[in-house]
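In case you want the letters, here they are:
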Amino acid sequence: MDNFNFYSPTQFVFGKEREGEAGTYVKKYGGSKVLIHYGGGSVVRSGLLDRVKDSLTKEGISFVELGGVMPNPRSGLVYQGIDICKKESVDFILALGGGSVIDSSKGIAAGSLYDGDFWDFYSGKLVEKALPIGVVLTIAAAGSEGSGDSVVTKEEGMLKRATSSDLLRPKFSILNPALTQTLPAYQTACGATDIMAHVFERYFTNTLEVEITDRLCEAVLLTMVKETPRVIADPNNYEARANIMWAGMVAHNGLVGVGRSQDWNSHSIEHELSALYDCAHGAGLAVIMPSWMEYVYKHNIMRFCQMATRVFGCQMNFENPEVTAVEGIKRFRSFLHSIGMPINFEELGAKEEDIPVLVDKLGLGDGKTGGFVSLTSEDVTKIYEIAAKAEI
Ligand code: NZQ
Ligand code: ZN
């Protein structure tokens with residue numbers, strides 16, 4: 001196991017009707033003038049926005065609001081949010097929604113205490129200060145409620161880029177699984193795919209002797225394989241929703257990845273798809289991740305056998321382990337298909353002829369990525385080609 005620091009300072013407030021405590025937690029973490037930030041309307045329709053406003057009012061906390069965050073959030077709204085925060089002397093941002101709203105909030109939080117362009121933080125500059133953030137989560141997916149990461153798309157050139165800082169970790173995140181019951185099945189499945197992908201990015205490691213994190217990873221993956229079909233069949237299954245919601249947090253706050261090298265190439269390769277086609281990030285991952293696995297499994301066949309046997313219930317073929325490795329990848333893709341995810345370019349709405357554009361935007365040039373297997377532009381092209389034609 002490698003040396004590591006683990007820092008996860010967020011207070012998680014989990015369970016039914018806990019959003020009614022939003023005001024209490026904003027107050028606890030020093031907020032007196034809040035920007036409530038939300039998406040395209042689901043929190044208005046569900047009544048969540050009004051309930052949260054009531055809770056702030058009850059604590060005597062004033063607020064301004066900014067809705068309209070799109071999935072794959074854009075820089076334009078982040079600039080608007082920064083303007084509002086500066087003009088209104090906002091001292092706390094409350095995100096109501098999923099990864100897109102939380103990530104937009106993080107961009108606003110960093111940009112509001114900075115004189116330059118907030119995009120600098122998405123181009124390599126380290127965040128030095130940020131307004132505190134709170135979250136009321138409405139979809140189990142990105143894990144932004146427990147991470148220090150934020151992913152935003154710059155309209156000019158449709159560049160989807162990330163930043164990461166412990167300063168962007170939410171002060172508190174309210175997780176009420178019942179709030180996810182209004183999600184369409186497709187969106188639920190996209191979230192489940194993203195959660196599994198966050199684990200796989202850490203599971204495929206070159207670090208040896210990491211039994212504890214291997215087993216934690218497998219616990220999250222097994223939970224997702226069991227619970228996702230249950231919520232697709234019955235969207236109101238609170239207990240299954242609860243397990244998925246906590247799995248989404250555990251998958252991405254860093255816990256299952258400590259002390260081991262990680263990959264993250266599937267995420268980078270996917271981000272170009274959601275930037276170009278504005279598809280859901282989870283749907284893009286469903287197309288990319290099994291294809292990446294097919295391309296790299298020979299690097300460590302036994303690790304893929306471990307996934308196949310422990311997560312997807314394959315029988316180990318001791319005479320020819322490669323058969324087991326390949327079967328595990330096949331079962332992963334079939335699982336994704338069974339929950340309604342696309343598995344190739346056509347089903348995603350992507351075009352094979354755009355592959356050179358996707359590779360170019362990824363920007364590796366003559367260089368290489370890091371990760372489980374280091375990739376060149378040529379490797380990435382081949383992964384997109386596998387993804388374009390993938391079948392069950
Ligand atoms: O905008 P509204 O009307 O709220 O609708 C949203 C949106 O259309 C809807 N939705 C959310 N909760 C709902 C609901 N509809 C009905 N009932 C509810 N309870 O779902 C749609 C998708 O929401 P979004 O926030 O985009 O989903 P997700 O959480 O998957 O976030 C995706 C974004 O997060 C980034 C992705 O790249 C993508 O931009 N990621 C962020 C990460 C992070 N910050 O740590 C890591 C991830 O790997 C990921 O890259
Ligand atoms: Zn993700």
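What comes next concerns the included structure. Quick caveat: nothing in here was measured; it's all calculated off a predicted structure. (Residues numbered from 1 in each chain as written. Chains lettered and ligands numbered in written order. Predicted model: local features only at pLDDT ≥ 70, side-chain atom pairs only at ≥ 80, totals over all residues. Heavy atoms only, no water.)

### Considering the overall build of the chain
Thinking step 1. Scanning the chain from terminus to terminus reveals 15 helices and eight strands.
Thinking step 2. With the principal axes as the frame, the chain shows a C-alpha extent of 70 × 45 × 40 Å.
Thinking step 3. Out of the 392 residues belonging to the chain, those deemed buried represent 57%.
Thinking step 4. Sequence-distant contacts, at least 24 apart, represent 77% of the contacts inside the chain between residues at least 6 apart.
Thinking step 5. In the form shown here, the chain has an accessible surface area of approximately 15,700 Å², with 51% of it arising from carbon and sulfur atoms.
Thinking step 6. Where the 37 positive side-chain charges of the chain centre and where its 49 negative ones centre are 4 Å apart. (Helix = DSSP H or I, 4+ residues; strand = E, 2+ residues; numbered from the N terminus. Buried < 20%, exposed > 50% of the residue type's maximum accessible area, 1.4 Å probe, protein only. Contact = heavy atoms within 4.5 Å. Areas by Shrake-Rupley, 256 points an atom, 1.4 Å probe, with all protein chains shown as cover. Lys, Arg positive; Asp, Glu negative; His and termini not counted. Charge placed at Lys NZ, Arg CZ, Asp CG, Glu CD.)

### Details of the site of ligand 1
Thinking step 1. Gly 40, Ser 42, Gly 99, Ser 100 and His 198 are the nearest of the 32 residues found near ligand 1.
Thinking step 2. Within the side chain of Ser 147, a nitrogen or oxygen atom sits 2.9 Å from an oxygen atom of ligand 1.
Thinking step 3. A total of 960 Å² of accessible area belongs to ligand 1 in isolation, and the protein chains cover 89% of it.
Thinking step 4. Broken down by secondary-structure element, the contributors of at least two residues to the shell around ligand 1 are α5 (99-111), β6 (149-154), α6 (185-203) and α9 (265-277). (Near = heavy atom within 4 Å. Polar contact = N/O pair within 3.5 Å; in protein donor to acceptor, adjacent residues only side chain to side chain.)

### Considerations on the sheet that holds strand β1 (residues 11-14)
Thinking step 1. Spatial ordering of the open sheet is given by β1-β8-β5-β4-β2-β3, a layout of six strands whose pairing is parallel. Of all the strands in the sheet, the pair left with one neighbour each is β1 and β3 (62-66). Averaged over all pairs of adjacent strands, the angle between their axes in this sheet comes to 20°, without regard to strand direction.
Thinking step 2. Two strands pair when backbone bridges link them, and strand β5 (residues 133-137) and strand β8 (residues 172-175) are joined in this way by four bridges, in the parallel orientation. Paired with Leu 137 across the two strands is Leu 175, which belongs to β8.
Thinking step 3. Against the sheet, helix α4 (residues 75-88) contacts β2 (33-38), β3 and β4 (92-97), and its axis sits at roughly 160° relative to β3.
Thinking step 4. The sheet contacts of α5 involve β2, β4 and β5, and relative to β4 the element is tilted by about 165°. (Pairing = 2+ DSSP bridges. Axes fitted to C-alpha atoms, helices over the stretch in contact; angles between N-to-C directions.)

### Some points on helix α11 (residues 301-310)
Thinking step 1. Burial in α11 covers these residues: Arg 303, Phe 304, Cys 305, Gln 306, Met 307 and Ala 308.
Thinking step 2. Turning to α11, the residues buried within the fold contact α6, α7 (211-233), α10 (281-296) and α12 (321-338).

### Points about the coordination of the zinc ion (ligand 2)
Thinking step 1. Looking at the zinc ion (ligand 2), one finds its protein donor set to be Asp 194 (OD), His 198 (NE2), His 267 (NE2) and His 281 (NE2), positioned 1.9 to 2.2 Å from the metal centre.
Thinking step 2. The sequence motif formed by the donor residues of the zinc ion (ligand 2) is D-x3-H-x68-H-x13-H. Of the two residues, Asp 194 is situated in helix α6 and His 267 in helix α9; the sequence distance between them amounts to 73 residues.
Thinking step 3. You can call His 267 buried: its relative accessible area is 7%. (Donors = N, O, S within 2.8 Å, 3.2 Å for Na, K, Ca; no water.)

### Side note on the pattern of salt bridges
Thinking step 1. As enumerated under the stated definition, the model contains 18 salt bridges in all.
Thinking step 2. Among the salt bridges present, the one from Arg 310 reaches Glu 218, with a minimum N-O distance of 3.0 Å. A residue pair is termed long-range when its members are at least 10 positions apart, and Arg 310 in helix α11 and Glu 218 in helix α7 qualify at 92 residues.
Thinking step 3. A relative accessible area of 3% means that Glu 218 is categorised as buried.
Thinking step 4. Linked through salt bridges whose partners overlap, the residues forming this network are Glu 211, Arg 215, Glu 218 and Arg 310. (Salt bridge = Lys/Arg side-chain N within 4 Å of Asp/Glu carboxyl O.)

### Some thoughts on the environment of Glu 385
Thinking step 1. Its place among the elements puts Glu 385 in helix α15 (residues 377-389).
Thinking step 2. Residue classification places Glu 385 among the partly exposed positions, given a relative accessible area of 37%.
Thinking step 3. Taking the C-alpha atoms as reference points, Glu 385 and Tyr 297, 88 residues apart in sequence, are found 16 Å from one another.

### Points about the state of the cysteines
Thinking step 1. Per the stated rule, a full pass over the model turns up zero disulfides.
Thinking step 2. In this structure Cys 190 is a free cysteine whose sulfur lies 8.6 Å from that of Cys 279, the closest cysteine sulfur available.
Thinking step 3. Judged by its relative accessible area of 3%, Cys 190 falls in the buried class. (Disulfide = S-S within 2.5 Å.)

### Concerning the packing of α6 against α10
Thinking step 1. The interhelical angle for the contact between α6 and α10, taken along N-to-C directions, is 40°, at an axis separation of 8 Å. In terms of axis orientation, α6 runs oblique to α10. For the crossing formed where α6 meets α10, the hand is left-handed. Residues Tyr 186, Cys 190, Thr 193, Asp 194, Ala 197, His 198, Phe 200 and Glu 201 of α6 form the contact with α10, whose own contacting residues are His 281, Gly 282, Ala 283, Leu 285, Ala 286, Met 289 and Met 293.
Thinking step 2. Partitioning the contact of α6 with α10 into residue classes produces nine nonpolar, four polar and two charged. (Parallel < 35°, antiparallel > 145°, perpendicular 65-115°, else oblique. Left-handed = near helix turned anticlockwise from the far one by under 90°. Nonpolar A, V, L, I, M, F, W, Y, C, P; charged D, E, K, R; others polar.)

### A word on the packing of aromatic side chains
Thinking step 1. Applying the stated criterion across every chain yields a total of 22 aromatic pairs.
Thinking step 2. Each ring, one from Tyr 25 and one from Phe 172, has its centre 5.7 Å from the other, and the planes form 40°; the classification is tilted. One end of the pair, Tyr 25, is in helix α1 (residues 22-28); the other, Phe 172, is in strand β8, with 147 residues separating them in the sequence. For the pair Tyr 25 and Phe 172, a shared accessibility class is recorded, and that class is buried.
Thinking step 3. With 6.1 Å between their ring centres and 55° between their planes, Trp 292 and Phe 372 make a pair best called tilted. Note that Trp 292 is positioned in helix α10 and Phe 372 in the loop between α14 (355-362) and α15, a separation of 80 residues in sequence. Phe 372 matches Trp 292 in its accessibility class, with the two residues each being buried.
Thinking step 4. By way of ring pairs, the aromatic residues Phe 200, Tyr 203, Phe 204, Trp 292, Phe 304, Phe 312, Phe 332 and Phe 372 are connected into one cluster.
Thinking step 5. Over the ring of Tyr 238 we find Lys 16; its NZ or CZ atom is 4.4 Å from the centre of that ring. (Phe/Tyr/Trp six-rings, centres within 6.5 Å; stacked < 30°, edge-to-face > 60°. Lys NZ or Arg CZ within 6 Å of the ring centre and 35° of its normal.)

Everything listed is a geometric property; what it means functionally is a separate question.
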